[in-house]
Amino acid sequence: MTTAPDPFRPVRRMLARDRGESHRVATPLELFFDLCFVVAVAQAGRELAHALAAGHLAHALTGFTMSFFAIWWAWMNFTWFASAYDVDDVPYRLTTLVQITGVLVLAAGVPRVFEDRDLALAVAGYVLMRLAMVTQWLRAARGESGPARTCALRYAAGVTVVQAFWVVLLFLPHGAQGPLFPVGVLAELAVPVWAEKDEQTPWHRHHIVERYGLFTIIVLGETVAAATVAIQTALDEHLAVAELLPIAAGGLLICFGAWWIYFADDGHGHLRGNRQALPWGYGHYAVFASAAAIGAGLEVAVEHAVGAAHVSARAASAAVTVPTALFLFTVWLLHARHHKRGAAQAVLPLAALSVLAATLAGESGVLIAGLLVALAVAAGLTLSAKRS
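Just so it is clear, the model here is predicted, and its values are computed rather than measured.

1. Examining the overall build of the chain
- The helix and strand tally for the chain stands at 12 helices and zero strands.
- Secondary structure elements in the chain, listed N-terminal to C-terminal, are α-α-α-α-α-α-α-α-α-α-α-α.
- Taking 21 Å as the expected radius of gyration for a compact globule of 388 residues, we find that the chain reaches 22 Å, a close match to that expectation.
- Across its three principal directions, the C-alpha atoms of the chain cover 65 × 60 × 35 Å.
- Classification of the 388 residues of the chain by burial places 54% in the buried group.
- Across the chain, the fraction of contacts at a sequence separation of at least 24, relative to all contacts at a separation of at least 6, is 80%.

Following this line, the structure appears as structure tokens:
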């Protein structure tokens, strides 16, 4: 194992990082990578909001699920690789910039995925990112030996085969692409399981937890930004202050509460190996997707408040309450249940159910959901104080 690659050298041999390395934090390149990925997240959220506001539920969910999987999976694979093999030399940086270019191409293709299920541009960007990742794994294989080398080569081979599947998918009849999409998803998810069945990559658990936390913050920030723009636009065009204030208050409470709940517990102690890390890492698809969907839902609620959405009041509230409930439950499943004791275990599941029930309140649903999330935070703090 090697320690942190310092000082900078143009080209290094790609060796595994030390899993016990102290003071391991996200690099400026990783932060830049995250910010560029949020461009794609924003595109997916915007298109989701438009489709939901138009009343096209199935269309909205399918497009968002497909596009967000591509965004999340490419981000996740880079993150875990970087945790194990970031040598921060010129080839590594250039390859990462190629991946960033790929996500920008993917982001440009997201509207086409929603509008007419045209996957060409999105797949082109995705495949560019993933093939760049293959070159990283081949570099890692060159620097490794034994089981670690086999693991890296399996990653390179597995990722390459799945990208071939995505390219072939583009040449199939349009009606066959949707049903076959889950096959590609399952193949992507299977690659790490197969590659690491004999040897675990040396990811750094503190670094991984920080990376996931930072991306959660960025997605929540994008949610706040999207809701702010929607409210500002509605105020400029309709001057509906009384209708928008409850949505703004409820939305802020939801976003603030989501941040508080996610970071209430340090998750690194749970990640002792791949047996815990794989479900935790995969499960964050629901965390990130629901956080992004909350912003889209707030846009729908705003449009409904000013009469611009073609959905009912309950449907507009559901656009916020459903992803909020999913976020609460998934964070409990991945984080909180490993640390809570006694009555505290029930706080987030009950909060998720209560937020879902708030949908029935129609136009007041967003504000009620925000108050329920704030109540969940208060209940958690109270129970923790009593336990200590």
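More follows now that the structure is in view.
2. A word on the side chain of Thr216
- Tracing the sequence through the fold places Thr216 in helix H7 (residues 205–238).
- Beyond its immediate sequence surroundings of up to four residues, Thr216 is in contact with Tyr262 and Phe288.

3. Brief notes about the packing of helix H11 (residues 347–357) against helix H12 (residues 365–387)
- Packing of H11 against H12 leaves a shortest axis separation of 10 Å and a crossing angle of 170°. What the angle tells us is that H11 and H12 run roughly antiparallel. Between H11 and H12 the crossing geometry is right-handed. When H11 is examined against H12, the residues Val347, Ala351, Ser354 and Val355 are found in contact with a partner set consisting of Ala369, Leu372, Val373, Ala376, Ala379, Gly380 and Leu383.
- When its residues are assigned to classes, the contact of H11 with H12 shows nine nonpolar, two polar and no charged.

4. Description of unusual backbone geometry
- A positive phi angle, close to 50°, is found at Asp88, a residue other than glycine.
- In this fold, Asp88 is placed in the loop between helix H2 (57–85) and helix H3 (90–116).
- We note that Arg117 has phi near 60°; this positive angle belongs to a residue other than glycine.
- Given a relative accessible area of 16%, Arg117 falls into the buried group.

What counts, and at which threshold
- Residues numbered from 1 in each chain as written.
- Predicted model: local features only at pLDDT ≥ 70, side-chain atom pairs only at ≥ 80, totals over all residues.
- Heavy atoms only, no water.
- Helix = DSSP H or I, 4+ residues; strand = E, 2+ residues; numbered from the N terminus.
- Rg over C-alpha atoms; globule rule 2.2 N^0.38 Å.
- Buried < 20%, exposed > 50% of the residue type's maximum accessible area, 1.4 Å probe, protein only.
- Contact = heavy atoms within 4.5 Å.
- Axes fitted to C-alpha atoms, helices over the stretch in contact; angles between N-to-C directions.
- Parallel < 35°, antiparallel > 145°, perpendicular 65-115°, else oblique.
- Left-handed = near helix turned anticlockwise from the far one by under 90°.
- Nonpolar A, V, L, I, M, F, W, Y, C, P; charged D, E, K, R; others polar.

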